[in-house]
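# Examination of the molecular architecture
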Amino acid sequence: MAQPDWQQLSTDVISLLKEGRRQVLAKMHQTLTVDEKTSRKDLVTNVDKGNEQFLIGGIRALDPDAQVLGEEGFGDTVTSLAGRVWIVDPIDGTMNFVKQRDHFAMMIGIYQDGVGQLGFIYDVMNDVVYAGGPAVGGVWANDRQLSAPANLALADGLMGMSAPLALHDVAHTQAIVEASSGMRVYGSAGIEIIHVLLGKTLGYISQLKPWDIAAGQILLNTLGVRVSTIDGQPLDMLSFNLVLVATEQAQRDILRIEEDDVSL
């Protein structure tokens, strides 16, 4: 598979996302069709489905030979990251979208033979696209290039967290929160990752599917932030993972908490 012009592709994807935003905003104040996927806290709307169909149509036009994995099932059945694979989340933070009409994102990650090349997280309501990756040599928030966030230890910063994990103390998350400066819960993986990119939090822990982390992993790794399973192993990008995002120092602190508890 031929290598694309990554810079031009990035520009084209941002244009596609901006048109997706225009369509989402036009629909979001209309009556939504809201369905449950696995539970009353796992929702999907007509806007999720329509936006995924729109984004995948645009991706097919930009990169017709690639595979596309979409959250709502309008893409391909992807069983391998061989070649070029696009991973799409049309509305990340659907509960926020339904209940608040705010704090949600659109996300696209592009992988070439298993290696993340370009990631895009669109903070829809603030109209900021976080885009970049190794293929373009950095990460930008619209036109502003981002610097790597400070490599803080766990004790020195706030920790993003999935609320159910902390409530049920999955993987010693209560001890991790206690060791940090405090917990923050935003209800959207994309919004959580933006806060890490900006240095507002030093990490994030949640159970994530490929579309929840594909774009973020690329952006985070480009700025030197670690992304792994909760026990420090590389992610399987086609599986459901308990994901640890953290600065290098905070990851070391969190893995020590995990190891110390196991050894007791």
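Below you will find a few notes about this structure.

Rules of the game
- Residue positions are counted from 1 within each chain, in the order its sequence is given.
- Where totals are concerned, whole chains, interfaces and linings use all residues; where local detail is concerned, this predicted model gives features only for residues with pLDDT of at least 70, and gives and counts side-chain atom pairs only at 80 or more.
- Just so you know, side-chain values use all the structure's heavy atoms and leave hydrogens and water out.
- To qualify as a helix, a DSSP run of H or I must reach at least 4 residues; to qualify as a strand, a run of E must reach at least 2; elements of each kind are numbered from the N terminus.
- Only C-alpha atoms enter the radius of gyration; for comparison, a globular chain is expected to reach 2.2 Å times N to the power 0.38, where N is the number of residues.
- Burial here depends on accessible area, computed with a 1.4 Å probe over protein chains only, as a share of the maximum for the residue type. Under 20% is buried, over 50% is exposed, and the range in between is partly exposed.
- For this analysis, residues touch if any pair of their heavy atoms sits within 4.5 Å.
- When charges are counted, neither His nor the chain ends are considered; positive counts come from Lys and Arg and negative counts from Asp and Glu.
- Think of each charge as sitting on NZ of Lys, CZ of Arg, CG of Asp or CD of Glu.
- A side-chain nitrogen of Lys or Arg and a carboxyl oxygen of Asp or Glu constitute a salt bridge if their distance falls within 4 Å.
- Each residue after the first adds 1.5 Å to the expected span of a helix.
- Here a polar contact is taken to be a pair of N or O atoms separated by no more than 3.5 Å, where protein atoms must pair a possible hydrogen donor with a possible acceptor and residues adjacent in sequence count only if both atoms sit in side chains.
- Two strands pair if DSSP finds at least two bridges between them.
- Interaxial angles span 0 to 180 degrees and are taken between N-to-C directions of axes, which are lines fitted to C-alpha atoms, for helices over the stretch in contact.
- Note on terminology: a nonpolar core comprises buried Ala, Val, Leu, Ile, Met, Phe, Trp, Tyr and Cys residues joined through side-chain atoms within 4.5 Å.

## A short note on the overall build of the chain
Secondary structure summary: the chain contains eight helices and 14 strands in total. Over its C-alpha trace the chain gives a radius of gyration of 18 Å, about what one expects of a compact globule, namely 18 Å for 264 residues. For the C-alpha atoms alone, the extent of the chain along its principal axes is close to 55 × 40 × 35 Å. The buried share among the 264 residues of the chain stands at 53%. In the chain, 59% of the contacts between residues at least 6 apart in sequence involve partners at least 24 apart. Between the averaged position of the 19 positive side-chain charges in the chain and that of its 33 negative side-chain charges there is a distance of 6 Å.

## A few points about the pattern of salt bridges
Under the definition given, this model contains ten salt bridges. The residue Arg21 makes a salt bridge to Asp127 at a minimum N-O spacing of 3.7 Å. Note that Arg21 is positioned in helix H1 (residues 6–28) and Asp127 in the loop between strand E6 (115–123) and strand E7 (128–133), a separation of 106 residues in sequence. Looking at Arg21, the relative accessible area reads 18%, which means it is buried. One salt bridge in this structure joins Arg226 and Glu248, with 3.4 Å as the shortest N-O distance. Residue Arg226 is found in strand E13 (residues 226–229), and its partner Glu248 is found in helix H8 (residues 248–263); the two are separated by 22 residues along the sequence.

## A short note on helix H2 (residues 46–62)
A rise of 1.5 Å per residue sets the reference length of H2, with its 17 residues, at 24 Å; its end C-alpha atoms lie 24 Å apart and thus fit the reference within 8%. Next to the buried residues of H2 lie H1, strand E2 (42–45), strand E3 (67–70), strand E4 (84–92), helix H3 (94–100) and strand E5 (105–112). N-capping of H2 is provided by Thr45, with a side-chain oxygen placed 3.0 Å from the backbone N of Val47.

## Things to note about the sheet that holds E7
Taken together, seven strands build an open sheet; the order of strands is E3-E4-E5-E6-E7-E8-E9 and the sheet is mixed. Edge positions in the sheet fall to E3 and strand E9 (144–145), since each has one partner strand and no second. The strands touched by H2 are E3, E4 and E5; relative to E4, the strand with the most contacts, the crossing angle is about 155°.

## Overview of the pairing of strand E1 (residues 34–39)
Note that E1 and E2 share four bridges and pair antiparallel. By the bridge assignment for E2, Glu36 is matched with Leu43.

## Observations regarding the nonpolar core
Counting residues in each nonpolar core, the largest one holds 36 residues, and the members touching the most others are Ile121, Tyr130, Leu197, Ile213, Leu220 and Val245. Discounting chain neighbours no more than four positions away, the residues touching Val245 are Met159, Val196, Leu202, Gly203, Tyr204, Ile213, Leu220, Val225, Arg226 and Val227. Leu32, Ile59, Val88 and Leu118 belong to the second-largest nonpolar core, a separate cluster that totals 31 residues.

## Focus: the sheet that holds strand E12 (residues 203–208)
One open sheet accounts for five strands, arranged E11-E10-E12-E14-E13; its pairing is mixed. Strands at the two margins of the open sheet, each flanked by one partner only, are strand E11 (182–184) and E13. Geometrically, the sheet is characterised by an average inter-axis angle of 20° between neighbouring strands, direction not taken into account. As paired elements, strand E10 (residues 158–161) and E11 share three bridges and run parallel to each other. Bridging across to E11, Leu158 finds its partner in Gly182. Together, E10, E11, E12 and strand E14 (241–246) form the strand contacts of helix H6 (residues 189–197), whose direction differs from that of E12 by roughly 160°.

## So, the environment of Val128
The residue Val128 is located in strand E7 in this model. It is 29 Å that separates the C-alpha atoms of Val128 and Ala166, two residues lying 38 residues apart in sequence. Excluding residues that lie within four positions of it along the chain, Val128 makes contacts with Ile121, Tyr122, Asp123, Ala141 and Asn142.

Scope: geometric values only; no functional claims are made or implied.
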